[in-house]
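Per-entry structural report
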Amino acid sequence: MLGKVPHIEKAIEMVMLLVEKESSSEQITVDFELSDHVYTKATINKGTQNVYLWLGANVMVEYSLEEAKGLLEQNKINANQNIANHEKDLNFVRDSITTLEVSMARVYNWDVMQRASAKGGSK
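These remarks concern the structure in this document. Computed from a prediction, not measured in an experiment: that's the story for all the values here.

Consecutive side chains of a regular strand alternate in pointing toward one face of the sheet and then the other. With 6 bridges joining them, strand E3 (residues 50–56) and strand E4 (residues 59–64) adopt antiparallel strand pairing. Residue pairing for E4: Gly56 is matched across the bridge by Val59. Hairpin connection of E3 to E4: 2 residues between the antiparallel strands, including Ala57 at a positive phi of 55°.

This is the structure we're talking about:
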């Protein structure tokens, strides 16, 4: 999830740029990411009304600029909520591990005391 948020934010910024330049008559030249650390120059035609978004599982869907912006913002909200939920779950697991370790130490100490008293009583 943490890796998705920056990509979503980049996509939102790009859609916002397209919305700003939608009415202008100039072409936009941008650096387009082909893969990790590999970029190329891309020219976006004037008056672009639609964008294509990867949804995953090799699926790409065409959206209008407004729909894409809404979808990306909702995805960002969902990703941030998922991150917050995962952090709460991790904190719960950490607390449970601490409680378990303390309980195991107490049981071990009790066993040591029982063995010591058993040795002392048998002498």
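Let us look at unusual backbone geometry. At His37, a residue that is not glycine, the phi angle is positive and equals roughly 65°. Among the secondary structure elements, His37 is positioned in the loop between strand E1 (28–35) and strand E2 (38–44).

Summed over all chains, the structure comprises 4 salt bridges. Lys41 serves as the salt-bridge partner of Asp31, at 3.0 Å between the closest nitrogen and oxygen. Taken as a pair, Asp31 in strand E1 and Lys41 in strand E2 lie far apart in primary sequence, 10 residues in all. You'll find Asp31 and Lys41 in the same group, each marked exposed. The shortest N-O distance in the salt bridge between Asp111 and Arg115 comes to 3.2 Å. Separated by 4 residues within a single helix, Asp111 and Arg115 lie in helix H2 (residues 65–122), roughly one turn from each other. Accessibility expressed as a relative area gives 56% for Arg115, which makes it exposed.

The rules behind the values
Residues numbered from 1 in each chain as written. Predicted model: local features only at pLDDT ≥ 70, side-chain atom pairs only at ≥ 80, totals over all residues. Heavy atoms only, no water. Pairing = 2+ DSSP bridges. Helix = DSSP H or I, 4+ residues; strand = E, 2+ residues; numbered from the N terminus. Salt bridge = Lys/Arg side-chain N within 4 Å of Asp/Glu carboxyl O. Buried < 20%, exposed > 50% of the residue type's maximum accessible area, 1.4 Å probe, protein only.

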